[in-house]
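The lines below spell out each chain.
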Amino acid sequence: MLIQVGLAGLGAVIGSMGRFSLLEIAPKVFGTASAWMVMVINLTAAFLIGILFGMHLPVLQNTFWATGIMGGYSTFSTPIVELANGLPNQSERTRVLLKTVLAFAGGVPVLLVGFWLGSLF
């Protein structure tokens, strides 16, 4: 149990550093399109988690990769905060609603495709 906690924590550090780096680089590379970077991160996380679960990794490897790295890399609280902040703003409302629907409706199919691909390994 303690080993799993340590592996999840170590993985979360790595994953969150990757997410932070991408969010810092995105405005310089993508300009205004960087507003979609959290969406890209969350959908790629769902895809990669699907692959990892499809591979049926041993518990410790799964804890490090899926729970740790992918858990730290993804951020599903950010779209909720963005939704709460964007709904009152008329000019932001459509974009925020679109991103929220895409995050939740798009995540499941992406995860399932990843699971299918992971099961091929």
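Source: prediction; values computed, not measured.

We now examine the packing of aromatic side chains. Within the structure shown, the criterion is met by one aromatic pair. For the pair phenylalanine 64 and tryptophan 65, a centre-to-centre distance of 5.3 Å together with 85° between the ring planes defines the contact as edge-to-face. The lysine or arginine in question, lysine 99, covers the ring of tryptophan 36, its NZ or CZ lying 5.4 Å from the ring centre.

Attention shifts here to the UniProt feature "transmembrane region" (unreviewed entry) in the protein chain. In the numbering used here, UniProt assigns the "transmembrane region" (unreviewed entry) feature to residues 6-23, 35-57 and 96-117. This span, residues 35-57, is 78% helix and 0% strand, and a straight line between its end C-alpha atoms measures 34 Å. Span residues 96-117 is 100% helix and 0% strand, its end C-alpha atoms 31 Å apart.

Grouped together as the largest cluster of nonpolar side chains are eleven residues: Ala26, Met37, Ile41, Ala45, Ile49, Leu52, Phe64, Ala66, Ile69, Met70 and Tyr73. Those elements that provide at least two residues to this core are helix H2 (37-54) and helix H3 (59-73). The residues contacting alanine 66, other than those within four sequence positions of it, are Leu52, Phe53, Gln61 and Gly71.

Overall, the coordinates contain one cavity of 30 Å³ or more when judged by the stated rule. Estimated volume of the largest cavity: approximately 40 Å³. Lining the largest cavity, in full, are Val38, Met39, Asn42, Pro79, Glu82, Lys99 and Ala103. At three residues, the largest contribution of residues to the lining of the largest cavity is made by H2.

A few words now on helix H5 (residues 90-119). Compared with an ideal rise of 1.5 Å per residue, which puts 30 residues at 44 Å, H5 spans 44 Å between its outermost C-alpha atoms and is within 8% of the ideal. At glycine 106, H5 is bent by approximately 35°, the largest bend along its length, and proline proline 109 sits one to four residues beyond. Along H5, the residues classified as buried are Val96, Lys99, Thr100, Ala103, Gly106, Gly107, Gly114 and Gly118. If you follow the buried residues of H5, they end up packed against H2 and helix H4 (77-86).

Attention shifts here to unusual backbone geometry. Positive phi, normally seen in glycine, also occurs at histidine 56, with a value near 50°. Mapped onto the secondary structure, histidine 56 falls in the loop between H2 and H3.

Below, the discussion takes up a nonpolar patch on the surface. The grouping of Met1, Leu2 and Val5 at the surface amounts to a nonpolar patch, some 400 Å² of accessible area in total. Inspection of the secondary structure assignment puts valine 5 in helix H1 (residues 2-30).

Taking 1.5 Å as the rise per residue, H2 with 18 residues should run 26 Å; its terminal C-alpha atoms sit 25 Å apart, in good agreement. Burial within H2 is extensive, with 13 of its 18 residues counted as buried. The first or second residue beyond H2 is histidine 56, which carries a positive phi of 50°.

Conventions used here
Residues numbered from 1 in each chain as written. Predicted model: local features only at pLDDT ≥ 70, side-chain atom pairs only at ≥ 80, totals over all residues. Heavy atoms only, no water. Phe/Tyr/Trp six-rings, centres within 6.5 Å; stacked < 30°, edge-to-face > 60°. Lys NZ or Arg CZ within 6 Å of the ring centre and 35° of its normal. UniProt positions renumbered as here; feature names shortened; annotations may be inferred. Helix = DSSP H or I, 4+ residues; strand = E, 2+ residues; numbered from the N terminus. Core = buried A, V, L, I, M, F, W, Y, C linked by side-chain atoms within 4.5 Å. Buried < 20%, exposed > 50% of the residue type's maximum accessible area, 1.4 Å probe, protein only. Contact = heavy atoms within 4.5 Å. 1 Å grid on protein atoms, 1.4 Å probe; cavity = no way out; pocket = protein on both sides within 12 Å on 5 of 7 lines; lining within 4 Å. Points joined across faces, edges and corners; volume = space filled by probe spheres on them. Expected span 1.5 Å × (residues − 1). Bend = angle between axes of the 7 residues up to and from the residue. Patch = residues over 30% accessible without salt bridge, like charges linked within 9 Å, V, L, I, M, F, W, Y side chains within 5 Å. Areas by Shrake-Rupley, 256 points an atom, 1.4 Å probe, with all protein chains shown as cover. Salt bridge = Lys/Arg side-chain N within 4 Å of Asp/Glu carboxyl O.

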